[in-house]
Every structure is written in structure tokens, then in C-alpha cells.
Amino acid sequence: MGNENVVLKMRGICKYFPGVKALQNVDFTLRKGEIHALMGENGAGKSTLIKVLTGVYPKDDGQIFIDDKAVVIRSPQEAQNSGISTVYQEITLCPNLTVAENMYIGREKGIGVSWGKMNASAKKLLDSLEIPAVPTQQLGSCSIAVQQMVAIARAVDMECKVLILDEPTSSLDEQEVQKLFKLMRELREKGVGIIFVTHFLEQVYEVCDTITVLRDGQLVGEYPIAELPRVQLVSKMLGKELDDLSDIKRHDEEAASHGDKVAVLEVKQLKSTTGVAPFDFEIFEGEVNGFTGLLGSGRSECVRAIFGADKTSGGEVYIGGKKFKINKPLDAMKHGVGYLAEDRKRDGIIGDLSVRDNIILALQVMNGFFRPFSRAKAEAFADEYIKLLQIKTASTNTPIKALSGGNQQKVILARWLLTNPLYLILDEPTRGIDVGTKVEIQKLVLRLAEEGKSVTFISSEIDEMLRTCSRLIVMRDRKVVGELTGDELTQNHIMATIAGGDK
Amino acid sequence: MAKNLKNGKSIGSMLIGLFRQQIFIPIAALMILVIFNLIADPSFFKITMGQNNAGDPILSGYLVTILNNASELAILAIGMTLVTAASGGQDISVGATIAIAGSVILRILCGAAGPRPETMQAPIFVAFLVACVVTMLFGAFNGALVAYFKIQPMVATLIMFTAGRSIAAWINNNQLPVIKDVSFGYFGNYIPGIPVPTPVFIAILCMIIIALVLKFTNLGLYVQAVGINSHSSRLNGLNPELIKFVTYVIMGLCVAVAGLIKVSRISTINYSVIAKDIEMDAILAVALGGNALGGGKFSMTASILGAYVIQFLTTTLYKFEVPSDALPAYKAIVVIILVVMSAPIVREKMGKLWKKIAPKKAVKEA
Amino acid sequence: MTNKNPLKKKVGISDTNLLLVITIAVFLVMYISAVLFLGSGFTKPQTFFNILNDNAALIILSCGMSIVMITGGIDISVGTLTALVCMSCAVHLDYQGGSVLTAMLLALGIGVAFGLVQGYLVAYLEIQPFIVSLAGMFFAKGMTTIVNSTQFNVAHEGFKALKAIRIYVPFMGAVNKKGVYVPAYIEPGVVVALLLVVLLFVLLKWSKTGRNFYAVGGNLNSATMLGINVKRTKFIAHMLCSTLAGIGGFVYFMHVGSGSVSHAAGAEMNAIASSIIGGTMLSGGVGNIAGTFFGVLSLSTIKNIVSSLGLDEAWWTNITVAAMICLFLLVQSLVLLRKNKKK
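Thresholds applied
- Residues numbered from 1 in each chain as written.
- Chains lettered and ligands numbered in written order.
- Predicted model: local features only at pLDDT ≥ 70, side-chain atom pairs only at ≥ 80, totals over all residues.
- Heavy atoms only, no water.
- Pairing = 2+ DSSP bridges.
- Helix = DSSP H or I, 4+ residues; strand = E, 2+ residues; numbered from the N terminus.
- Axes fitted to C-alpha atoms, helices over the stretch in contact; angles between N-to-C directions.
- Contact = heavy atoms within 4.5 Å.
- Salt bridge = Lys/Arg side-chain N within 4 Å of Asp/Glu carboxyl O.
- Buried < 20%, exposed > 50% of the residue type's maximum accessible area, 1.4 Å probe, protein only.
- Patch = residues over 30% accessible without salt bridge, like charges linked within 9 Å, V, L, I, M, F, W, Y side chains within 5 Å.
- Areas by Shrake-Rupley, 256 points an atom, 1.4 Å probe, with all protein chains shown as cover.
- Polar contact = N/O pair within 3.5 Å; in protein donor to acceptor, adjacent residues only side chain to side chain.
- Domains from an automatic or database assignment.

### Focus on the sheet that holds strand 20 (residues 479-485) of chain A
In a beta sheet, neighbouring strands are held together by backbone hydrogen bonds and run either parallel or antiparallel to one another.
Residue and element names in this part refer to chain A.
Part 1 of the argument: Spatially, the six strands line up as an open sheet ordered 16-17-18-13-19-20, and their pairing is mixed. Two strands bound the open sheet, and with one partner strand each, they are strand 16 (337-340) and strand 20. Taking the axes of each pair of neighbouring strands and ignoring which way they run, one obtains an average angle of 15 degrees across the sheet.
Part 2 of the argument: Its contacts with the sheet place helix 18 (residues 491-499) against strand 13 (288-292), strand 19 (471-476) and strand 20, and it is angled at close to 30 degrees to strand 19.

Here's what the structure looks like:
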């Protein structure tokens, strides 16, 4: 690894937020023609490091060198000019502009815009990447996956020396991911240095050459991929050995037949306006089951329909054997159903409200408009659950948005546990949170089941589902295509069912 | 506050705590105005007992004027705060709907007896109730546009802003009704024998009511939750549309009360002048209270205090014989200074500056 | 899932263009039916040109407003700013011995000064545009009185000559009651307004700055990440708006030829209303200068129709205008809702 090959060097980077040392003296080196994975659990400082590099955050100390020249990057624009192009996890394009504009805005030369030229080159680029979009189409009318691909097209089209991909794959399906990997390998051949951030370990081992691990804002080390097997990577990320994970085991005996027990909740031919095919579903006391399938297969839509979050357009819901009509979330809540939504930022937290208010909100709403809890009671509730779930917060008064992702998720969990639900739906409760908290949440799910509550657990990670669920409902193309229990619950079997007969 | 004292480690940290509190801005503004007046002319704070034309005792003095004239504004600030917090926008039609409320009250009181009846043709409270219903309906109209048609509040209320005064004129067929009965003037002036102007009591009553509502219902929590994140509010069983809608109806109610005071003050109405530009002052009161105009968290106390600060400023300027038409220029300067000082970016920079100075102080103390 | 029908998707019309088409259609329907059913006044070309003459200033103000609205902001100071410009120019011409040229520079200077301050506060100190321009509105209103509190007509000869200029439109005209052919005319302000409309239309469509306005209004955060200098873009938008208000103020001044505190009262609301009718959305990112132009025309046409129906009382005009804004808002909201649902 000769020094002359280094394209990007970050030395002694420090970044402080009020009360948090987000980055302490971090070094990072990227060479030409290298795909470099940046790994770490949530809050380890990956995103902060990238945002320092792209000029979104000003750094508090340290130096950045590009091609051995010290550079100062104060804005995303300056980052672009110094040859750094970035694809962010969330889509950072403008929905009101056309696809072509989104690919070229902010990086054309001169003061004018030549629409003809722009559309022509956009079309060429879209075609070469097989992105199903038309240059003149308004971006907002494309699917999220296509929007993400457009963002990637924009980034790779720039004459960049450094390409940063910050969790670009979370909204892509398998084929699109493969397309992206092919692209990354091509760019590697051309000598571009690529920084790749992802939560999916398989993807790291599929394309990357080098791994840099961060933990708690500090550098753990840089390793060639061949020298760092998975288990070690995870333990380096966590800073401890992985015994914890193997502790968790599902109690298989409850997978036994439910006989003629009455289902806690049963739906028949439920249909929602989001386009999920009518489906049947039932869950029994103390059972943990799950919906699985690729992203966009309709998992979330199913549970949203059960909870009344989307408008239902047909079907019947039975709770404890009695038929009820669920038109809105409050109806479901009153019958003991809780729903932790997939998108924590959009559908979960209420950012500016305190941790306390976020915890009591659902119970408070069920309690009624005219019966607010006293301050003391609310504090007691909040304190109880902060202790129970070990939520790290300065006080009950701290706005929830000041907490880390994992702790925010725990607050939302606390909110639903406080309502003492009979049936709790957890839609991707572990997405984007650190491994330690993931394990805690899985344990919590199993404990709830032991207490006799029913849980539906949805996750993109199949091994996580295997650890917790005793029954899996498999979905494909917005249809339920199978139900697996007992011995069928193996990784291979599930994958085969998800993929369907044609694979 | 008590909590602050308990947690506060020193006076310094308590001051910083207060500085961070939302209510700091209006309090600071008020203090500056008070100190300015104390230095310029302490007689500003003199309150004397005098007599009005009817021979009844009344209190007079600049402070009484401030408390009296700020009443409508304080009442509107209540509604405006809720509307702002829930819908992330402002109702700019309140001035125009006050004209409607006033017009309705006069119309009912005149009844069929023409524009200048010798006696009132209906009890005042009936007229007031009808006005409440009417303004709440207009509030519902605004609310429906905002909540159900998802039109931005400022744009949605632009409709009533444009049409309101014309509708008010139309209700009375563009005539100018005058109520001769003195009892109608009680609401905007003095009740014989009580030396404090009635609007002050009405405003206090409104504040007590809203304080009770906020204490004994979940209005505050719901409005803030919806204002911050309507998606997750919905998934927690709230109905964001309904809550936004309701805040506009409450705004309507506030408008009716303010309208009653306004027409009672002069026992008649001038459609194009009544409560002119009051919407701007009401919005200013909310902003001065440190509430984000983009919605979300709110402090009712700070908003109401903001209303009194604005009136304090206005009266101070009047006292220094600033012509009423030139008043807005001075107001603008004060507003700019206040908002610049409370802007997050400026505060951050000032905070950094403070940190640089603070260590030196600590050394000195040691 | 997505690769089954590559490139076969229909390209929908963009929000901006859709709203523009609606606006133009409504204006044409309105004007043509006025010509057909109301006859008399509306058949004369001069009626149309008078709409332009009376609203040249409003067109300019509305263009500025649209630009600010496209970036997601608002500027409610333009109306009182117009009054301030009128009063300052009037005083400058009559009491300070100024020339027409220096008056023009003064008008421009006031606009630029407001733009600098308001733009800085909005863009660099990140204060809400509503509050900033509210203060701007108050300030301009107060300053107008401080400059001069009474209304007066300007007696300056050079200015009167400028005000009297009429540009005759070739081949357009009508025969009056006495049987004399009167050619239709426009005032110089209209030329200024039309030039600005064309210029700004080109700016918004074909310049980088113009596209940046849309990007910033569409999604502020994304615009930053796309490498757009958001602060500068916002600053330019507010700067443009106030500068246009300065120019519009002078055009208004040329039209009325006097200074008064009550000039252009409520013009900011008319400008906002015109922009909305023209398909600009206050939420930002959607809008078009051509639409704004037709928005102003629609707004004043409806006023003319109301008064020619004999409903002269002032309230009918306001109520109709309000109803029209309401209608447009509902149409826009329904059209966009349906469009998004289809997706």
C-alpha cells in the first residue's frame, strides 16, 4: 500500500456536539481504486465522519488531505468541487425538479441551463445504468428505489476522486443492489476511491477491499478484508465478544398447536387501499410471529392495515373472537393493539417533545382528552420505563430528538409497553440501531411473549426473525405466499419461499 | 420555576437556565421597556384616581392604558398561539373577522329598528352568542381549508382577509349603526363604580379559562404533538385534521370576544378601520413569546406576555409623541432587534462569546 | 419489480406546468365570456390595455413575490415599500430639486437597501421571512409618514412629461361616441413590466440561479446536499423581490403621479393572490412567472367584470376576489391531491 496511491487522508479529526464527543482524533485513509467499508454501530461516528468530510458539519480539529494537499471543506458544494461526491442514506434530491435536473443541478458550469443537452446526457446515463426513468419526468413521480438510483447516477457521473455511499442500499431490491455493485467495481477499475457505509455485513464481504471500524467516536483500526472474519468484525464493532447473541433462543415448545384456543386477533380477507392483496392472519396468546419478504413486498402494509393506519377497504377483524370495526389507530389501540412504526423519524418520535411526553402519549390519548395525567404521574411512568429499558437520557425533560437512534427507539417501545397491549406489532424495531440495543430488543420481545403477550416482529434480517419468531408469514409482490412454522424455519427455506418458484 | 431553583447550582447557571427558557425573550423585552421608561420619565408609572364624564371613579395612567388596550391583543394571542402551534401557520384574517363579529353584534342589537335604535332590540348576550357562532363558523371555514384541504394557513386565511371587511359591511347594508344604550359601552369602557376598565377583566377571564383548559384537558399536548409531527400523532390515535380544525374554531371564539370589546369601546363600527392590522400584532405577540412560527412547542404565557409587551411599546412611543402613523417604523426596529437577538444562529454565537468571557470570571471568583 | 417495463412509463406533466395551463385557461374563459356576454366595455381593446396600465406595478410586484414564494419564502413588505418609494420620489422631485433620473435611482436604491437587509436577515440569520418582512412592512409604513405625512401631487415638469407619455398600439383602437377613431395606448410602465416578465421568465427557466430557486423551495436540505449555496440563493430571491418592489414602486409612481401614505395599500396581498392564482404555491418549489402574469390579469379582469355587472359596492369586489382565490386554491389542492394519489 504505497503512499503515492492515497487519494484521501483524514488525520486527527475531532467533532464535538453539546455534551457528546462524536469524533475523537479519528484517522482515515482511502487509496485509489479501493472500496473501503466504514463500519461501526450506530452512534459510532460513521455519519458524523462523512458529514465532516462533505462539509455538512464543520470539524473542530484535524486535517483533511486530498492527493496530499491539505483542503478545507466548508460546504457540500466545496466537497463537490474538490472531487468528493456523495450518496446519502435518505434521498437528498428535489422532488419538484425533473430527473435530469436532479442529476445536474449544482454542478453545471456557466450561468445558463441548456435543457436539450442536459436531457440528452441524462438519458444516456440512465440508459447505461438501466434506470427506468425518463429525464423529463418529475422526480417526485418516481418510486423511492428509482430516486435512489438517480442519486447514485448523479454521484458516479461526477468526475470524482472519492465516492461516498452512505447506506445507499436500504431502499434497493436485490437486483438493484447487484447493479450498484457492478458499478462500484467498474469505478474501482478506473481508480476511484469508494467509501461504503452499510449495515448489511454480506454486502461488505461481497464488494469491499478494506474495512475501517469506528467505535464510540474513536478509531478501532483499519483491516484488509481477508484478515477480518465476520465474527471478529462484529466483536470489534461492539467492543466485546458475542456471547450475548447466542443467549437468545426461542422457546420452541409454544410452537405446538394452538388447538381450539381463540386467537387474540384474527383478520379475514383484510384489504387496504395501499394495494395489498386481501390476506388472512391470526395470532395467539404468547406467540411471536413475523412478516417477512423483500422490501416493498407489503409486510408493512399488512400490519398497517391491521392497526388501522391505512384505510381498509374490506375484510373482517376479530379480537378475542368478537368482530370489531377498526377504522383508525385509536380503535385498534382501545382493543389492546400497539404498533411501532417502521419509519421512526416520520411515524414514531415527536421530535421536540420531551422524553416524558413521548412515553405517555399513546396512553394519554387512550385515557381521553378530558383526563390528562398529573405531572407527578407522568413523571412516574417515564421514570419507570426509563429504568426498565435502560434508556440513556439526561432527564425526562430532554427533547427526544436529542437522543441517539437506539434510545429513541426504546422510548417508542416504552410508549407502547405503557399502554399494556395484548398484541404488539413491531415493524423493523431494530433498523438502524446498534447491535447492543438490537439484542436488548430481541430479548424484550421474548420476555413479552413469556408474559403472555402476543407480538408480531418484522425485520429485514432473517436471522433476527429466526431467533424470535415461531411462525413466519412470507410475502412477495404484495401477496402472502406462505406460512412457515417449526422445522421449516431455516434460513434456506425462508429464502427459497421469499424468492418463489422461479428462482 | 421552583424546579429551576432546586436544580440551579449557582446564580450564574440559573441565569443561563432562564436565558434558555422561552419566556426569557418577552420578559427581557418588558424589562428593557420598564427600565427605559424609569430613566426617561418615572411619571410613566403613576396611576391616579380620577373621574370620568359621568362622575364615576376611574383609574388613569399609562399602565392602566396599557392593560386596557392590550386586552383584545392578549385574547387574540391565545387563539393565534394554538393555531400557530397546531398548523404551523398563522391566521391573518382575525382583523377582518373582528369586523364581522362587531357587525353581527350591532346588527342583532339594532334588530328591525334601523341603524340608530333608541333601545337595544335584543339582550347583549344573545347578540354576543350569535357573533360567537358566526365567527366560529368562519373559523371552521378557515380550519377546514387548512386541515382537510391542506392549504397553507396564510393562504387559506387570505380569503377571509380579503372578504371579511366587505362581509361585515354587507351584514349591516353598509350603514353605520350606533347603539345609544350606555350599558352596551360597559364591555369596552367602565362599569360604573368599578375604576378598572372592563376589558382588563374580560382578558383575565379569558386567560383563566385557557389556563384551566390547558390544565384539565390534553389540548396542549395534542396541539404540540400534531404541530411537531402529524404522522406519528395519527399513529398514536390522534386525529391531526380535527385538532387543527378545532384550533381555528377556538380562534373564532377569541375573535368574537375581541370583537365585542372593540365595538363596545365606541358603541359603533367603522368597517375598514376596526381592528386594522391587529392580526400582525397578534402574530408578533406569538413570535415575541419565542414560539416558533413553524409550529410545534408553544408557551401560552409567553405569547400573552408578548401581547402586553407590544402594547407597552406602543404606549411608550405614544407618550414620547411619536405620531401614530410613524409608530410602525419604531415598532419595526424593536421587532428586528428582538428577533435578531433571539435567532438561534445569533444566540449560538453569543453563547460562544459568553463561554470565552466566562472562564475569566470564574478565575476572578476563585 | 421495476425492470419489467423499462422506459414505458408515461411522463406526467409537471406540477408547475399543470397549474400554469389551468390559470391561462381560466383567464381566457373569463375574458372571452366577458366579451360575449357583457359586451360594451370588454370589446374595446383599450379596456384590455387599461388593465395593463392600471396593473403594471402589480405585475412587477407579483413577479418578485412569486420568486420569493418559489424559494419557499414570503415578502409582505412590498406594498408599503411601494408607498415609501412613491412618497420619497415625490418629495425628492418637488422639495429637493431632484431630477427624474435621480428619482429613479432613489427608487431603485430604496428597493436594494430593503433587499439587502431583509435578504441578510432571512438567508444568513435564518429568521422566518414572514417576521422579517412584517417588520419591513411596518418600517416602510412608518418611514413613509416620517418622509411626508400628507398626500400631494407632484408638480415637477420633467416628471409630468414622463407621466404623460403614451405609447400607441398599432392597429388597435376603437371609434368613440363622437365617431372619432381613438387608438389604444399603453403607458411606459407597461413596457417596463412586460420586459421584466420576459426577463424573469427566462431567468427562472434557463439560468442556474433560477433553477436553484426551485431546488431550494422543493427541498431545502436536499438542495444543500446537491451542492447549491442555499443561503446565497435565498438572499438573491429576497434581494430580487425588494428590488422589483423598488422598480414597481416607481412604475406605480408614474401611474398615479403623487405621494401618499395610502398608496398601494394591500398590494402585498394582491401580489400574493395573483401568484397563487398564477399557480405558485406558498409551500415553495412550484410556480411560473408567466402564470403570475396571467394571475394579475385574471384578478383585475374579475374586478372589472364585477363592476360592469353594476355591483358597484366595494364589498362585492372583495367578496368576489376572495371567492376566486378560494376556488383556485380548491382546484389546485384537488388537482394535486388526485395526481399524487394516482401515483
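Moving on, there is more to tell.
### Digging into the pattern of salt bridges
Residues and elements named next belong to chain A.
Part 1 of the argument: Under the counting rule described, the total for this entry stands at 31 salt bridges over all chains.
Part 2 of the argument: Across the pair D347 and R346 runs a salt bridge whose closest N-O atoms are separated by 3.2 Å.
Part 3 of the argument: In this structure D347 comes out as buried when scored by relative accessible area, which is 7%.
Part 4 of the argument: Under the relative-accessibility criterion, R346 is labelled partly exposed at 39%.

### Some thoughts on a nonpolar patch on the surface
Residue and element names in this part refer to chain B.
Part 1 of the argument: A grouping of I27, M31, I35, L38 and I39 is seen on the molecular surface, where their side chains present a nonpolar patch of about 490 Å² in accessible area.
Part 2 of the argument: With respect to the helices and strands, the residue I39 is situated in helix 3 (residues 24-40).
Part 3 of the argument: A relative accessible area of 69% places I39 in the exposed class.

### With respect to the side chain of T162(B)
Part 1 of the argument: Here T162(B) is to be found in helix 8 (residues 153-171).
Part 2 of the argument: Looking at T162(B), its side chain comes within polar contact range of the main-chain oxygen of L158(B), at 2.6 Å.
Part 3 of the argument: Here T162(B) is in contact with N318(C), V321(C), A322(C) and I325(C), once residues within four sequence places are set aside.

### Regarding the domain arrangement of chain A
Part 1 of the argument: Per the domain assignment, the segments of chain A are domain 1 (3-242) and domain 2 (246-336 + 421-499).
Part 2 of the argument: Distance between the C-alpha centres of domain 1 of chain A and domain 2 of chain A: 34 Å.

### A word on the sheet that holds strand 10 (residues 218-224) of chain A
Residue and element names in this part refer to chain A.
Part 1 of the argument: Strand order in this open sheet of six strands is 6-7-8-3-9-10, and the pairing throughout is mixed. Two strands in the sheet have a free side with no partner beyond their single neighbour: strand 6 (84-87) and strand 10. In this sheet, adjacent strand axes meet at a mean angle of 20 degrees when their direction is disregarded.
Part 2 of the argument: Where strand 7 (residues 162-166) lies against strand 8 (residues 193-197), five bridges are found, and the strand directions are parallel. Bridging from a neighbouring strand, I164 pairs with I195 of strand 8.
Part 3 of the argument: The strands touched by helix 6 (residues 174-189) within the sheet are strand 3 (34-39), strand 7 and strand 8, with strand 8 carrying the most contacts at an inclination of about 150 degrees.

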